[in-house]
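Below, each chain spelled out in residue letters.
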Amino acid sequence: VPGRYCNILSRRELYKEDGMVEVPVAVTPLFRIPFSTFWFRVLNVSFAKFCSKSIYFRQDYINIYFHSWEFSNISGVSLKWPYKILLRNIGDRMAVSFNHYLQWLMKRNISVITMLEYVQKQLAEESQNT
């Protein structure tokens with residue numbers, strides 16, 4: 001993502017300003033595409049695993065955002081191409097894929113925590129180092 005986060009070789013870090021803390025969203029190496037559930041759903045769990053390995057190799061977290069509607073079974077919604085892709089693999093399929101992904105992370109000893117827990121941990125480490 002151009003601007004603040006387009007430091008291809010540098011480590012991603014928290015950005016703090018006026019009492020607010022930003023945690024950069026995970027982006028795929030090289031192409032710098034934000035790693036979100038859209039890619040997770042459209043290109044499947046294998047792509048998510050590939051992105052996760054690549055991202056985790058360069059930094060100590062993988063920040064992926066999910067939307068609640070992606071886990072809902074939305075029936076009766078009819079969209080035309082290209083918008084139809086928005087509803088691909090949602091509902092029960094998304095829940096199964098997400099569970100599979102979480103199991104895969106845990107097998108690799110990658111902690112699954114909330115953003116609040118991550119920020120608190122990082123700020124505590126930062127204050128110990130100063």
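Above this text you will find the structure in question.
Everything quoted here is computed from the prediction, not taken from an experiment. Here the residue numbers are simple positions, counted from 1 along each chain's written sequence. In view of the model being predicted, local features appear only for residues whose pLDDT reaches at least 70, and side-chain atom pairs are presented and counted only at 80 or more, with totals across whole chains, interfaces and linings using the full set of residues. Where side-chain values are given, they derive from all heavy atoms of the structure, hydrogens and water being excluded.

Visitor: Lay out the side chain of Ser36 in plain terms, naming residues and giving numbers.
Guide: Here a helix means four or more residues in a row that DSSP labels H or I, a strand means two or more in a row labelled E, and each is numbered from the N terminus. Along the chain, Ser36 falls in the loop between strand S2 (20-22) and helix H1 (37-58). What Ser36 contacts, discounting residues up to four positions off in sequence, is Ile64 and Tyr65. Any pair of residues with heavy atoms lying within 4.5 Å of one another is described as a contacting pair.

Visitor: I'd like to hear about the nonpolar core, residue by residue, with values.
Guide: One finds Phe35, Phe40, Ile55, Ile62, Tyr101 and Leu105 to be the most contacted residues of the largest nonpolar core, which totals 15 residues. Residue assignment for this core shows that the elements contributing at least two residues are H1 and helix H2 (92-107). Apart from residues lying up to four places away in sequence, Phe35 is in contact with Val25, Ala26, Val27, Ala48, Cys51, Ser52, Ile55, Ile62, Asn63, Ile64 and Tyr101. Remark: nonpolar core denotes a set of buried residues (Ala, Val, Leu, Ile, Met, Phe, Trp, Tyr, Cys) joined through side-chain atoms within 4.5 Å. Buried, partly exposed and exposed residues are distinguished by accessible area as a fraction of the type maximum, computed with a 1.4 Å probe on protein chains only: under 20%, between the cut-offs, and over 50%, respectively. Leu14, Val23, Tyr118 and Val119 belong to the second largest nonpolar core, which has 5 residues in total.

Visitor: Any details on H1? Residues and values, ideally.
Guide: In this analysis, the expected span of each helix is defined as 1.5 Å times one less than the number of residues it contains. Under the 1.5 Å per step criterion, the end-to-end length of H1 is only 20 Å for 22 residues, more than 12% shorter than the ideal 32 Å. At Asn44, H1 shows its strongest bend, of approximately 130°. The elements touched by buried residues of H1 are H2. The bend reported for a residue corresponds to the angle between axes fitted to the seven residues ending at that residue and the seven starting there.

Visitor: Let's hear about the packing of aromatic side chains: which residues, and what values?
Guide: Two rings belonging to Phe, Tyr or Trp (six-membered ring only in the last case) form a pair when the distance between their centres is within 6.5 Å. Interplanar angles under 30 degrees mark stacking, angles over 60 mark edge-to-face geometry, and anything in between is tilted. Summed over the entire model, instances satisfying the criterion amount to 5 aromatic pairs. Ring plane angle 40° and centroid distance 6.0 Å describe the contact between Phe66 and Phe71, whose orientation is recorded as tilted. Its relative accessible area of 27% is what places Phe66 among the partly exposed residues. Relative to Trp104, the ring of Tyr101 lies with its centre 6.1 Å away and its plane at 20°, an arrangement referred to as stacked. Placement of both Tyr101 and Trp104 in helix H2 is noted, with a separation of 3 residues, approximately one turn of the helix. For Tyr101, a relative accessible area of 2% gives the class buried. Clustering of aromatic rings is evident, with ring pairs tying together Phe66, Phe71 and Phe98.

Visitor: Summarise the pattern of salt bridges; cite the residues concerned and give the values.
Guide: For this document, the term salt bridge refers to a Lys or Arg side-chain nitrogen within 4 Å of an Asp or Glu carboxyl oxygen. Applying the stated rule across the entire model yields 2 salt bridges. In this structure, Glu126 engages Lys16 in a salt bridge whose closest nitrogen and oxygen atoms are separated by 2.4 Å. Here the residue Glu126 occupies a position in helix H3 (residues 115-129), and Lys16 occupies one in strand S1 (residues 15-17), the gap between them amounting to 110 residues. Classification of Glu126 by relative accessible area gives partly exposed; the value is 39%. The shortest N-O distance in the salt bridge between Arg41 and Glu70 comes to 2.9 Å. Taken together, the residues Arg41 in helix H1 and Glu70 in the loop between H1 and H2 connect sequence positions 29 residues apart.

Visitor: Lay out the packing of H1 against H2 in plain terms, naming residues and giving numbers.
Guide: Throughout, an axis means a line fitted to C-alpha atoms (over the contacting stretch in the case of helices), and angles, computed between N-to-C directions, take values from 0 to 180 degrees. At a closest axis distance of 11 Å, the pairing of H1 and H2 adopts a crossing angle of 5°. With respect to each other, H1 and H2 are oriented roughly parallel. Together, Thr37, Phe40, Arg41, Val45, Ala48, Lys49, Ser52 and Lys53 of H1 and Met94, Ser97, Phe98, His100, Tyr101 and Trp104 of H2 make up the contact between the two elements. Here the contact of H1 with H2 is composed, by residue class, of 7 nonpolar, 4 polar and 3 charged. Roughly parallel refers to an angle under 35 degrees, roughly antiparallel to one over 145, roughly perpendicular to one between 65 and 115, and oblique to any angle outside these ranges. For this classification, Asp, Glu, Lys and Arg are treated as charged, while Ala, Val, Leu, Ile, Met, Phe, Trp, Tyr, Cys and Pro are nonpolar and the rest, including Gly, are polar.

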